[in-house]
Amino acid sequence: MTDILDLGGRVALVTGAGQGVGRQIALQLADAQGSGGVVVNDYVLARAEAVAEEIKAAGGKAIALQCDVSDHAAVKEMVAKAASDVGVVGILVNNAGNAGANPSAELGKPFWETGPEVWNSFIGVNLYGVMNCTAAVIPGMLQRQAPGRIITVISDASRWGDAGLEIYAGAKAGAAGFMRSVARSLGRYGITANSVAIALTATPAVERTLNGDPERLKRTLEKYIIRRPGRPDDIANMVQFLASDASPWITGQVYPVNGGFSFAL
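Source: prediction; values computed, not measured.

Conventions and cut-offs
Residues numbered from 1 in each chain as written. Predicted model: local features only at pLDDT ≥ 70, side-chain atom pairs only at ≥ 80, totals over all residues. Heavy atoms only, no water. Helix = DSSP H or I, 4+ residues; strand = E, 2+ residues; numbered from the N terminus. Buried < 20%, exposed > 50% of the residue type's maximum accessible area, 1.4 Å probe, protein only. Contact = heavy atoms within 4.5 Å. Areas by Shrake-Rupley, 256 points an atom, 1.4 Å probe, with all protein chains shown as cover. Lys, Arg positive; Asp, Glu negative; His and termini not counted. Charge placed at Lys NZ, Arg CZ, Asp CG, Glu CD. Expected span 1.5 Å × (residues − 1). Polar contact = N/O pair within 3.5 Å; in protein donor to acceptor, adjacent residues only side chain to side chain. Axes fitted to C-alpha atoms, helices over the stretch in contact; angles between N-to-C directions. Parallel < 35°, antiparallel > 145°, perpendicular 65-115°, else oblique. Nonpolar A, V, L, I, M, F, W, Y, C, P; charged D, E, K, R; others polar. Pairing = 2+ DSSP bridges. pLDDT = per-residue confidence, 0-100. Left-handed = near helix turned anticlockwise from the far one by under 90°. Disulfide = S-S within 2.5 Å.

Participant: Explain the overall build of the protein chain here, please?
Facilitator: On a plain count of helices and strands, the protein chain comes out with nine helices and seven strands. If one aligns the C-alpha atoms of the protein chain with their principal axes, the spans along those axes are about 50 × 45 × 40 Å. Here the protein chain holds 265 residues, and the buried ones make up 49% of them. Within the protein chain, residue pairs in contact and separated by at least 24 positions form 76% of the contacts whose partners lie at least 6 positions apart. Carbon and sulfur atoms form 54% of the exposed surface of the protein chain, whose accessible area is close to 12500 Å². The average position of the 23 basic charges and that of the 24 acidic charges among the side chains of the protein chain differ by 5 Å.

Participant: Sorry if this is basic, but what is going on with helix 3 (residues 72–85) here?
Facilitator: Taking 1.5 Å of rise per residue, 14 residues should cover 20 Å, and helix 3 covers 20 Å from first to last C-alpha, within 8% of that figure. The secondary structure elements touched by the buried residues of helix 3 are strand 1 (11–14), strand 2 (38–42), strand 3 (62–66), strand 4 (89–94) and helix 4 (116–144). The backbone nitrogen of Ala73 has a side-chain oxygen 3.2 Å away, supplied by the residue at the start of helix 3, namely Asp71. Where helix 3 ends, the next residue or the one after it, Gly87, has phi of about 145 degrees, a positive value.

Participant: Explanation requested: the packing of helix 7 (residues 204–211) against helix 8 (residues 214–221) in the structure shown.
Facilitator: The description of two helices packed together rests on the angle between their axes and the distance between the axes. With their axes 7 Å apart at the nearest point, helix 7 and helix 8 run at an angle of 110 degrees to one another. Between helix 7 and helix 8, the angle is such that the two are roughly perpendicular. In this structure, helix 7 uses Thr209, Leu210 and Asn211 to contact helix 8, whose residues at the interface are Pro214, Arg216 and Leu217. Split by residue class, the contact of helix 7 with helix 8 holds three nonpolar, two polar and one charged.

Participant: How should the sheet that holds strand 6 (residues 191–198) be read in this particular structure?
Facilitator: Strand pairs in the sheet, formed through backbone hydrogen bonds, run parallel or antiparallel to each other. Pairing is parallel across the open sheet formed by seven strands, whose spatial order is 3-2-1-4-5-6-7. In this open sheet, the two edge strands, each paired with only one partner strand, are strand 3 and strand 7 (254–257). Averaged over all neighbouring strand pairs, the angle between strand axes comes to 20 degrees, with direction disregarded. Here strand 5 (residues 148–155) pairs with strand 6 via eight bridges, running parallel. Note on strand 6: the bridge partner recorded for Arg149 is Thr192. Packing of helix 1 (residues 20–31) onto the sheet brings it into contact with strand 1, strand 2, strand 4 and strand 5, and relative to strand 1 it is tilted by some 175 degrees.

Participant: Can you walk me through the confidence of the model for the protein chain in this structure?
Facilitator: A low pLDDT means the predicted coordinates there should not be read in detail. Overall, the prediction assigns the protein chain a mean pLDDT of 94, with 97% of residues at 70 or greater. Within the protein chain, the lowest mean pLDDT, 74, falls on helix 7, and the highest, 99, falls on strand 1.

Participant: Just checking my understanding: could you explain the packing of helix 1 against helix 2 (residues 45–57) for this structure?
Facilitator: The N-to-C vectors of helix 1 and helix 2 enclose an angle of 25 degrees; their axes lie 10 Å apart at closest approach. By the criterion of interaxial angle, the relationship of helix 1 to helix 2 is roughly parallel. As for the relative orientation of helix 1 and helix 2, their crossing is right-handed in sense. Residues Arg23, Ala26, Leu27 and Ala30 of helix 1 form the contact with helix 2, whose own contacting residues are Val51, Glu54 and Ile55. Partitioned by chemical class, the residues of the contact of helix 1 with helix 2 number five nonpolar, no polar and two charged.

Participant: Would you take a moment to explain the state of the cysteines for this structure?
Facilitator: Cysteine pairs can be linked by a disulfide, which is a covalent bond between their two sulfur atoms. Here the structure, examined in full by the defined rule, presents zero disulfides. Among the cysteines around Cys67, which has no disulfide bond, Cys133 carries the closest sulfur, lying 6.5 Å off. Residue Cys133 is classed as buried on the basis of its relative accessible area, which comes to 0%.

Dropping the structure here:
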C-alpha cells in the first residue's frame with residue numbers, strides 16, 4: 001500500500017527544534033516513511049543534540065546544528081553544512097519563534113513604552129529568521145529539481161490579534177504574507193510554501209505558567225471549541241502532512257491548528 005505521507009527521501013531542517021513543538025516535529029519527520037534525515041536546529045546546541053540523539057536512538061538519521069536564525073550569515077553556513085553532512089534540504093520547517101535567542105528584559109512593558117531594541121527580538125526570529133532560512137534553502141531545492149516543502153509555524157495572534165503581543169503578532173503576520181508570496185514564486189518548480197497557525201499549546205513553558213493558575217486556564221479555554229490546550233503532536237501532524245507527498249497541490253495557505261479558537265465564541 002502506498003503511504004501518502006511519504007516524505008520522498010527529502011532531508012528536513014527544523015528550526016527551534018530543541019524543545020516543545022519543534023522537537024515533536026523533528027521526531028515525527030525523522031520517523032516518517034521516506035525520511036531522508038532531519039537537521040535539528042536550536043540556538044542552544046545541547047538541546048539540539050539531545051533531540052538528535054533521540055532520533056538516532058530510534059533508528060533515524062539526524063544531526064544537530066546550532067544557529068541563531070536571525071543571523072543571516074550563520075544561517076547560510078548552517079544550510080551549507082547540512083547539505084554536506086546529510087544532504088540538500090528538501091523540507092524546511094520554520095519553527096523558531098517567541099522572543100528569539102536574546103529576549104529583552106523589558107518584554108513585559110506595553111509596546112508603546114519600548115522601542116526597536118525590544119521589538120527587534122521578536123522581528124528578528126519570527127520574520128527575519130523565516131526569511132533567512134527560506135532564502136538559504138531555495139537554491140538547493142531548485143538544484144534538486146524535485147518537489148520541495150517550506151512550512152512556517154505562525155501564531156493565531158497573527159490572525160486575531162492579541163493584547164500585549166502586538167510586535168509578535170505583526171512579525172508572525174509578516175511571515176505568513178512572506179510565505180504566500182514565496183508560494184507564488186516557487187510553485188512552478190514544484191516547491192510549496194504554507195503556514196500553520198497555532199494557538200495555546202502545552203509546551204513545557206506554557207504548562208508551567210497555566211498549571212499554577214487554574215482559573216486563568218479555565219477562562220482561556222472558554223474561547224476554544226475543543227476545551228483543552230493543543231499538544232505538540234497536534235501541530236506536528238499537520239506539518240508532516242504539508243511536508244509529505246500528500247500535499248503537492250496545496251500552497252500559499254494558512255492552516256489553523258487551534259481547537260476551534262475564536263474570539264467570537
